[in-house]
Amino acid sequence: MKGKTFYLLTYGCQMNVYDSRLIAEILSKNGYKEIKDENKADIIIMNTCSVRKHAEQRVVGRTGDLQRLREDNPDLIIGLVGCMAQNLIDTKEKIKGVDFMVGPDNYRELPKIIKGNQTTATAGCHFVPNQKYKTGLELYEGVYANQDNKVSAFVPVMRGCENFCTYCIVPYVRVGLQMRPQKDILKEVEGLLKKGIKEIILLGQSVNEYDNNKVDFPGILKMVSETSVARLGFFTSHPYYTTQKLIDVIAEGENIYKWIHLPLQSGSNQILKKMNRKYTKEKYMELICNTREKIPNISITTDIIVGFPGETDEDFQETIEVMKEIHFDFAYMFKYSDRERTAAYNLKPKIPEPVKTKRLSELIDIQHKIIHIKNEQLIGTTQEVLVQYKGRKNNVWRGKTKQNEIVVVEGKTLPGEIVKVKISSLKGWTPYGVITDKRK
Ligand code: 5AD
Ligand code: SF4
């Protein structure tokens, strides 16, 4: 075992990004060494996503490509972990060229599984049943993710989802809703701050649903904002669980991003109902109005799905109207992807692919124009920017405003610093500015 190296490839959401760092820590503690070159690795682990079919197809393609590495290294182990792995385990399917599969609740088993593979090599997949652990939270006990970013870190506050939006596979592959104890969240946050982390993003599939021992999500957010963290955000929230109390905490927390991600999914009430989203268009608009009233400069971002089964032209027009009325600061827009096991899989009529494509491109066009107009309004303003990465040119950096908006800044600084930036122009639609002052 000594000296065996592993390479991690991550697909999908922020939770997967976090989980990959957790896997890195679990394997490192067991004597494996992480490397950043897949060609030299003894073990390749793909942490996968199953939200859309396309994401799964990419993994299948990549698995095929990786097989060439077996010519030079016949003992190479290739493993699939994460949501797609769990989906395949549950549906008893296998993928050619994969040595083992492990779902999101069983990463503690990885060293044992890999060791088993070293004797059987490519003999076939080792399934790990999801029921192995009573709770996926055991995953976190005594181990904190080995986060490799020097400025920002994710901290999960819960695992799983039980909302069962009818298009979504997540509740089937990240089973149950488990709240992480407050104490544990705080311990991880404090450990990260000691290492110099400046920005923390609290994570959960529907993070504002947190409720544990009489502590709700606004309580958790407030608790973390009272540490020395410079910037604090959370992702992703569900409109149904977004309370006035949460908006008040965002408004009051000096170090909390003036930003909230509120997935709308559709602007049509009949589609929202079929999606099991638990709100109407009117309720959603009311929430946006109240939020903007309390925090006028708040950035509101969203997710939209086009082409959900039964979506008529009129339904789609309603989505467009809501988008034009709200003017989101950013939107992730997707074509509906039919996922077996979900309730929407059985809904009809399905929308033909060309119609979905046309609707998506129409929506993207509208949203791009909105972003352009919004960002033009930033020209001439001064923003407080947390510097995150070095850009390609000298003295050029990427950072984030208090609205969690990415900007490119020029001047003398270092990652982790908060600087004042005067926005002078747009590059594409990305605001570009010059450092005028340093906050610290
Ligand atoms: N098809 C398309 N988009 C989906 N999402 C979730 N499931 C599907 C699906 N089957 C989108 C939703 C969600 C985001 C993370 O992914 O918009 O908010
Ligand atoms: Fe999926 Fe809905 Fe849960 Fe989000 S809240 S993970 S969309 S089921």
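### Some details on the overall build of the chain
Thinking step 1. Per the secondary structure count, the chain includes 13 helices and 20 strands.
Thinking step 2. The C-alpha radius of gyration computed for the chain amounts to 22 Å, which stays within 12% of the reference 22 Å derived for 440 residues, consistent with globular compactness.
Thinking step 3. Structurally, the chain occupies a C-alpha span of about 65 × 55 × 45 Å along its principal axes.
Thinking step 4. Burial analysis of the chain (440 residues in total) assigns 55% to the buried set.
Thinking step 5. Nonlocal contacts in the chain, meaning residues at least 24 apart in sequence, comprise 71% of its contacts between residues at least 6 apart.
Thinking step 6. As presented, the chain carries roughly 19800 Å² of accessible surface, and 52% of it is formed by carbon and sulfur atoms.
Thinking step 7. Of note, the chain has its 67 positive side-chain charges centred 4 Å away from the centre of its 54 negative side-chain charges.

### Notes on the sheet that holds strand β16 (residues 382–390)
Note: strands within a sheet are paired through backbone hydrogen bonds, in either parallel or antiparallel orientation.
Thinking step 1. Around the barrel, which closes on itself, the five strands sit in the order β16-β17-β18-β20-β19 with mixed pairing between neighbours. Strand after strand, the sheet turns through a mean of 55° between neighbouring axes, direction not considered.
Thinking step 2. Bridging between strand β19 (residues 418–427) and strand β20 (residues 430–438) involves eight bridges; their strand directions are antiparallel. Counted as the bridge partner of Ile423 is Gly433 from β20.

### Considerations on the packing of helix α11 (residues 281–294) against helix α12 (residues 313–326)
Packed helix pairs are specified by the crossing angle of their axes together with the interaxial distance, meaning the distance between the axes.
Thinking step 1. Following both chains from N to C, one finds α11 and α12 inclined at 10°, their axes separated by 12 Å at the closest point. Judged on the interaxial angle alone, α12 and α11 are roughly parallel. Residues Lys281, Tyr284, Met285, Ile288 and Arg292 of α11 lie in contact with α12, whose contacting residues are Glu318, Val322, Glu325 and Ile326.
Thinking step 2. Among the residues making up the contact of α11 with α12, the classes are represented as five nonpolar, no polar and four charged.

### Focus on the domain arrangement of the chain
Thinking step 1. With domains assigned, the chain is organised as domain 1 (5–128), domain 2 (136–374) and domain 3 (382–435).
Thinking step 2. Each of domain 1 and domain 2 has a C-alpha centre, and these two points are 27 Å apart.
Thinking step 3. Contact residues are listed per partner, giving 29 residues for domain 1 and 33 residues for domain 2.
Thinking step 4. Where domain 1 abuts domain 2, roughly 2700 Å² becomes buried across the two surfaces, and 56% of that area is made up of carbon and sulfur atoms.
Thinking step 5. Summed over the shared surface of domain 1 and domain 2, the result is five salt bridges.
Thinking step 6. Counting only elements with at least two residues in the side of domain 1 that touches domain 2, the list comes to α1 (14–29), α2 (53–66) and α4 (83–90).
Thinking step 7. Here the element with the most residues in the side of domain 1 that touches domain 2 is α1; it accounts for 13 residues.
Thinking step 8. A breakdown of the residues in the side of domain 1 that touches domain 2 according to their chemical character gives 11 nonpolar, seven polar and 11 charged.

### Quick look at the site of ligand 2
Thinking step 1. Taken together, Cys161, Asn163, Phe164, Cys165, Tyr167, Cys168, Val170, Pro171, Gln205, His238 and Arg277 are the residues near ligand 2.
Thinking step 2. Of the residues in the shell around ligand 2, the class split is seven nonpolar, three polar and one charged.

### Some details on the pairing of strand β6 (residues 152–156)
Thinking step 1. Burial within β6 is extensive, with four of its five residues counted as buried.
Thinking step 2. Judged from the five bridges that link them, β6 and strand β9 (residues 199–203) form a sheet pairing that is parallel. Within β9, the position partnered with Ser152 by the bridge is Glu199.

### Some points on empty space enclosed by the protein
Thinking step 1. Tallied over the full model, the rule gives one cavity of 30 Å³ or more.
Thinking step 2. Here the largest cavity defines a volume of roughly 30 Å³.
Thinking step 3. Contributing to the lining of the largest cavity are Pro104, Asp105, Arg159, Gly160, Arg174, Val175 and Gln178.
Thinking step 4. Its residues assigned to classes, the lining of the largest cavity shows two nonpolar, two polar and three charged.

### Some thoughts on the packing of aromatic side chains
Thinking step 1. Tallied over the full model, the rule gives 10 aromatic pairs.
Thinking step 2. Ring plane angle 65° and centroid distance 5.1 Å describe the contact between Phe217 and Phe234, whose orientation is recorded as edge-to-face. One end of the pair, Phe217, is in helix α8 (residues 217–225); the other, Phe234, is in strand β12 (residues 231–235), and 17 residues separate them in sequence. Of the two residues, Phe217 and Phe234, neither departs from the other in class, the shared state being buried.
Thinking step 3. Between Tyr257 and Trp259, the ring centres sit 6.4 Å apart and the planes meet at 85°, which makes this aromatic pair edge-to-face. Take Tyr257 and Trp259: they sit in the same class, and that class is buried.
Thinking step 4. In this arrangement the basic side chain of Arg52 is found over the ring face of Phe334, its NZ or CZ atom lying 3.7 Å from the centre.
Thinking step 5. Over the ring of Tyr432 we find Lys427; its NZ or CZ atom is 3.8 Å from the centre of that ring.

### Describing the environment of Lys214
Thinking step 1. By secondary structure assignment, the location of Lys214 is in the loop between β10 (211–212) and β11 (215–216).
Thinking step 2. Residue classification places Lys214 among the exposed positions, given a relative accessible area of 84%.
Thinking step 3. Remark: the alpha-carbon pair of Lys214 and Ser225, spanning 11 residues in sequence, is separated by 19 Å.

The rules we used
- Residues numbered from 1 in each chain as written.
- Chains lettered and ligands numbered in written order.
- Predicted model: local features only at pLDDT ≥ 70, side-chain atom pairs only at ≥ 80, totals over all residues.
- Heavy atoms only, no water.
- Helix = DSSP H or I, 4+ residues; strand = E, 2+ residues; numbered from the N terminus.
- Rg over C-alpha atoms; globule rule 2.2 N^0.38 Å.
- Buried < 20%, exposed > 50% of the residue type's maximum accessible area, 1.4 Å probe, protein only.
- Contact = heavy atoms within 4.5 Å.
- Areas by Shrake-Rupley, 256 points an atom, 1.4 Å probe, with all protein chains shown as cover.
- Lys, Arg positive; Asp, Glu negative; His and termini not counted.
- Charge placed at Lys NZ, Arg CZ, Asp CG, Glu CD.
- Pairing = 2+ DSSP bridges.
- Axes fitted to C-alpha atoms, helices over the stretch in contact; angles between N-to-C directions.
- Parallel < 35°, antiparallel > 145°, perpendicular 65-115°, else oblique.
- Nonpolar A, V, L, I, M, F, W, Y, C, P; charged D, E, K, R; others polar.
- Domains from an automatic or database assignment.
- Buried area = accessible area lost by both parts, 1.4 Å probe.
- Salt bridge = Lys/Arg side-chain N within 4 Å of Asp/Glu carboxyl O.
- Near = heavy atom within 4 Å.
- 1 Å grid on protein atoms, 1.4 Å probe; cavity = no way out; pocket = protein on both sides within 12 Å on 5 of 7 lines; lining within 4 Å.
- Points joined across faces, edges and corners; volume = space filled by probe spheres on them.
- Phe/Tyr/Trp six-rings, centres within 6.5 Å; stacked < 30°, edge-to-face > 60°.
- Lys NZ or Arg CZ within 6 Å of the ring centre and 35° of its normal.

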